[in-house]
Every structure is written in structure tokens, then in C-alpha cells.
Amino acid sequence: EAQVTQNPRYLITVTGKKLTVTCSQNMNHEYMSWYRQDPGLGLRQIYYSMNVEVTDKGDVPEGYKVSRKEKRNFPLILESPSPNQTSLYFCASSFGGDYTFGSGTRLTVV
Amino acid sequence: GIQVEQSPPDLILQEGANSTLRCNFSDSVNNLQWFHQNPWGQLINLFYIPSGTKQNGRLSATTVATERYSLLYISSSQTTDSGVYFCAVGTNAGKSTFGDGTTLTVKP
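So, here's what we can say about the structure. Quick caveat, the model's predicted, so the values are computed rather than measured.

Enumeration over the complete set of coordinates arrives at 7 salt bridges over all chains. Salt-bridge contacts for A:Lys18 lead to A:Glu79; the nearest nitrogen and oxygen are separated by 4.0 Å. Taken together, the positions of A:Lys18 in the loop between strand 2 (10–13) and strand 3 (19–25) and A:Glu79 in the loop between strand 8 (76–78) and strand 9 (87–95) put the pair 61 residues apart, joining distant regions of the chain. Assessed through its relative accessible area of 36%, A:Glu79 is described here as partly exposed. With a shortest N-O distance of 3.5 Å, A:Asp59 and B:Lys95 are connected by a salt bridge. Of this pair, A:Asp59 sits in the loop between strand 6 (54–57) and strand 7 (65–66) while B:Lys95 sits in the loop between strand 9 (83–90) and strand 10 (96–98), which puts the two residues in different chains. According to the relative accessible area criterion, A:Asp59 is partly exposed, its value standing at 44%. Several salt bridges share partner residues, and in doing so they unite A:Lys18, A:Lys65 and A:Glu79 into one network.

Another aspect to go through is the interface of chain B and chain A. Each partner contributes residues to the interface: chain B has 17 residues there, and chain A has 19 residues. Together, the buried faces of chain B and chain A total about 1500 Å²; carbon and sulfur atoms form 49% of this surface. Where chain B touches chain A, the interface holds 1 salt bridge. Where chain B packs against chain A, one counts 9 residue pairs in polar contact (both at pLDDT 80 or more). Take the side of chain B that touches chain A: its biggest share by element is 4 residues, from strand 4 (residues 31–37) of chain B. The residue makeup of the side of chain B that touches chain A, split by class, is 6 nonpolar, 9 polar and 2 charged.

In this section: the state of the cysteines. As enumerated under the stated definition, the model contains 2 disulfides over all chains in all. The disulfide that involves A:Cys23 links it to A:Cys91, with 1.8 Å between the sulfurs. Taking the torsion about the sulfur-sulfur bond, which here is approximately -75 degrees, the covalent link between A:Cys23 and A:Cys91 counts as left-handed. Highlighted residues: A:Cys23 in strand 3 and A:Cys91 in strand 9, separated in sequence by 68 residues. Overall, the relative accessible area of 2% leaves A:Cys23 in the buried class. You can call A:Cys91 buried: its relative accessible area is 0%. Here B:Cys23 connects covalently by a disulfide to B:Cys87, the sulfurs 2.0 Å from one another. A torsion of -55 degrees about the S-S bond marks the disulfide between B:Cys23 and B:Cys87 as left-handed.

About the cut-offs
Residues numbered from 1 in each chain as written. Chains lettered and ligands numbered in written order. Predicted model: local features only at pLDDT ≥ 70, side-chain atom pairs only at ≥ 80, totals over all residues. Heavy atoms only, no water. Salt bridge = Lys/Arg side-chain N within 4 Å of Asp/Glu carboxyl O. Helix = DSSP H or I, 4+ residues; strand = E, 2+ residues; numbered from the N terminus. Buried < 20%, exposed > 50% of the residue type's maximum accessible area, 1.4 Å probe, protein only. Contact = heavy atoms within 4.5 Å. Buried area = accessible area lost by both parts, 1.4 Å probe. Polar contact = N/O pair within 3.5 Å; in protein donor to acceptor, adjacent residues only side chain to side chain. Nonpolar A, V, L, I, M, F, W, Y, C, P; charged D, E, K, R; others polar. Disulfide = S-S within 2.5 Å.

No statement about biological role is implied by the geometric values presented.
Rendered as C-alpha cells:
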């Protein structure tokens, strides 16, 4: 089954403790992207990657890092999480602009 | 960046009614999609429609790229249609922008 898999689905962490949210796709898509969704603000793009070793900032990249060492994986790294990064995060992959989203990761930073 | 406006922001319907959701965007785009976010938060791809018209059961969508808008039609609405409908646009450069969504409530 074609899918985008994010882990974990839920995470509660403390301020300053580094964490990684993993994202993997099995569709051989070149394009992958991360979004955060906050109440009343819709989805906002954090980072995207057009291909392996190619990443670029979206609209809200501050406080996040990404890497794209292989086509299928696109982890989102929070080096020092803060409470304002509490949000619902979605990873997506795309071919020709046709997106497939993961199930989301609900992150709470206390 | 590209601005995306969706209307109406909220819509309440009686089961069986029809509705039209609109998405306006401020610049030329290569990609346009409609998504449904169900009450459990899952994003479901409805249409990839940078131009033209597509239909899938009770749902159809039309994008007029030259006039920078897209419409999503829902006919004979059902309670399971409730949720938030997002329009997302993008360019070949990789950036994508979502509208703020239309929250649809279908009452039995």
C-alpha cells in the first residue's frame, strides 16, 4: 500500500530535549515536505525537499532542521524544542504536485 | 508569497443539501489540490486539479487557472462529509501554501 508513515503519532516532551520525528514514504517520490497545523492558522510549510540532499525553507523554518540522505526518509529534527512548537505536524510526499500525507504527529512541549 | 483565500470559512448544511466551496489564489500556480480533514485529523486527498474539471462520486472540482480560482462542489451532502476542506497550491519551485480552510458541518 502506498503510504507516508510518521512516527511517533503522539509525543509529550520537555523544553530543550532534542527530538526527531521520522517520516518515510514507499512511493519513490522525489518531493517531500513538513507542515505544522495550529488552530486558526491552517497548515504552514516548515521545510521541503525536492530530492536527495536538496532541502529548502518553507514559511516557518525557525527552530527546525531536516535532512534528506535517502529518497524515502525525511526526518524533522527539533534541536531544542520550546512550548511554541506544540502543534500537529504532517509529513507529505508528492509526485507531480499530487500529495500524500502522513497521519500526523501531535507534539506537546511542556 | 502566494496568498490563498477560501470561502466561506464556515458552512452548516442539512443532510442532502448541495454546496460550493471556493479557493482564490493570488498568482499562477502549477499545482492545486483539495483535501478533506476528517474529525480525527486525517488529511484525505480529494482532487489534484491544477486546471479543468474532475468528478468523483458526489464530489467534483473545477479550476480556472487563468482566473486564479477553484471550486469544490459537494452534492447530496452526508454527515460523513463534515470536517475541514483545504485548498493547497504550489509551484514547481517546491513551496506550497494552504488556505485557512472551510469548516463544513452537515446536520442529520
